[in-house]
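# Residue-level structural notes
Below, each chain spelled out in residue letters.
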Amino acid sequence: MGQNAYDIVMLVLNDVAHDSRVRREASALASAGWRVLVIGTQRHGGDLPDRERIDGFDLWRVRYGAYGAGLQRPWRWLRHALQAAQIIRMLRGVRARAHHAHDLPALLVMAAARIGQRPRARLVYDAHELYLFMPPYASKWVNRWHAITRPLFMRVEGALARRADAVITLSEPQARLLARWYRIPRPAVVVNAIDPLNDEAQAQHSPLEGCMLVHIGEITDRGRALSETLHALALLPDEITLAFLGWGPDQTRLERLAQSLGVAGRVTFCPPVPPDDVSDVARGARAALALQRADCLNSRAGAPNKFYEAIAAGLPVVASDTTDLRRLVRRWDVGPICDARDPEAIAAAVREALDPARQAYYRANVRRAQQELTWQREAERLCAVYRTMWGKP
């Protein structure tokens, strides 16, 4: 196989630095013996390497040009079109046996790059989420535009999904919906499970040691009940503290809200850590928060990464009453469920999760869940998709 020839070429429209699913999938496929290339992206002034080798696979980043950086809606599509042309040029310069598109935008770019290619590589569509049913934006104009264009993009997504040789998603509800909407075979489900920490890692000191609660992931109120969480914290005793592990556009606003509620001294904002270190850092807390807003179909149909990261860290989970998350939490009985719109309900769930007797009960159940919710098991399911597609046992 030549220098620019791979068994699997993945495309994801981010810099991959904190995309744990893409990194784990690429590493699993590389460990199975396939040569894997991940093509990601980064902004013009990004400081990440354009090319590197990590976890057994090659990672190339398309560095976007400086053009169009100041464009605002509705003209931003011009910049995206120029960026897509850069990605297509790179994709066409690499031979592959299979193309693996992560989410709908990558699938659209991948489909454009495959036009006229012969022989054409197999196509795998990895739907991380129900992309056309994401949480609403603050702008009513943007939400209205998405509602108007959604039927068109559903037709496009359906046509491409039917052409794909395999479709993968991350929850059973999402798999059922995609199969029903697009008249395709039930997609394979590969959840974002994480292997639990080993005994040596558990014995090490955690930066969050002594913290009561931890929220893992992007700091944004879009799709997440973070404002309600701070209001709930104000209803709880002063010894209950909260750490946000991650970054996001709403951090400054939440810092101001914590100040106005008188809980700023009990809230810590910690910078993001590499995906492989998240569970190790988070395990010092007493419980994890997974509070999704039930304001879109995607949030209701899928469980967030933070649930699996909490299980790997050995933490009980205070969870919102959304379909897939509720199903998982109840199946393993790893924490209380509450209405994420109601600060009083959140506060009551936190009190239950931190009660010493309930802590012991939930942590015992988390340890049982760790036996099944492992990436090792999910990696085998992913590899089985490729073996079936290529007709190998």
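Here, every reference points to the structure presented above.
Just so it is clear, the structure is predicted and the values come from calculations on it, not from any experiment.

What follows covers the pairing of strand β7 (residues 166-169). Residues A166 and I168 line one face of β7 and the alternating positions V167 and T169 line the opposite face, and both faces are buried. For strand β6 (residues 122-127) and β7, the ladder comprises four bridges, and the chain directions are parallel. Paired with A127 across the strands is T169, a residue of β7. Assessed by its sense of winding, the connection that carries the chain from β6 through helix α4 (residues 140-163) to β7 is right-handed. Relative to strand β8 (residues 188-189), β7 runs parallel, the two sharing two bridges. Residue pairing in the sheet places I168 in a bridge with A188 of β8. Crossover β7 to β8 through helix α5 (residues 172-182) is right-handed.

A few words now on the sheet that holds strand β10 (residues 242-245). Strand pairing within a sheet occurs via backbone hydrogen bonds; the two strands may be parallel or antiparallel. Spatial ordering of the open sheet is given by β11-β10-β9-β12-β13-β14, a layout of six strands whose pairing is parallel. A single partner strand is all that each edge strand has here, and the edge strands are β11 (267-270) and β14 (337-338). Bridge count between strand β13 (residues 317-320) and β14: two bridges; the pairing is parallel. Looking at β14, one finds that S320 is bridged to C338. The strands that helix α12 (residues 323-332) touches are β12 (287-290), β13 and β14; relative to β13, the one it contacts most, it runs at about 145 degrees.

We now examine the environment of W390. Looking at the element boundaries, W390 is found in the segment after α15 (375-389). By relative accessible area, which is 14% here, W390 ends up buried. With 78 residues separating them in the primary sequence, W390 and A312 have C-alpha atoms 32 Å apart. W390 has contacts with D7, I8, W34, R97, A98 and R122, leaving out every residue within four places of it along the chain.

Before going further, it helps to spend a moment on the pattern of salt bridges. A side chain with one charge can pair with a side chain of the opposite charge if their charged atoms come near. Taken as a whole and judged by the stated rule, the model has 22 salt bridges. The salt bridge partner of E52 is R61, with a shortest N-O separation of 2.7 Å. The exposure class assigned to E52 is partly exposed, which follows from its relative accessible area of 26%. On the basis of relative accessibility, which here comes to 5%, the residue R61 falls in the buried class. Through salt bridges with shared partners, a single ionic network connects D221, E228, D250, R253 and R293.

Procedures and definitions
Residues numbered from 1 in each chain as written. Predicted model: local features only at pLDDT ≥ 70, side-chain atom pairs only at ≥ 80, totals over all residues. Heavy atoms only, no water. Buried < 20%, exposed > 50% of the residue type's maximum accessible area, 1.4 Å probe, protein only. Helix = DSSP H or I, 4+ residues; strand = E, 2+ residues; numbered from the N terminus. Pairing = 2+ DSSP bridges. Right-handed = clockwise from strand over helix to strand, strands pointing away. Contact = heavy atoms within 4.5 Å. Axes fitted to C-alpha atoms, helices over the stretch in contact; angles between N-to-C directions. Salt bridge = Lys/Arg side-chain N within 4 Å of Asp/Glu carboxyl O.

Just distances and angles here, no functional claims.
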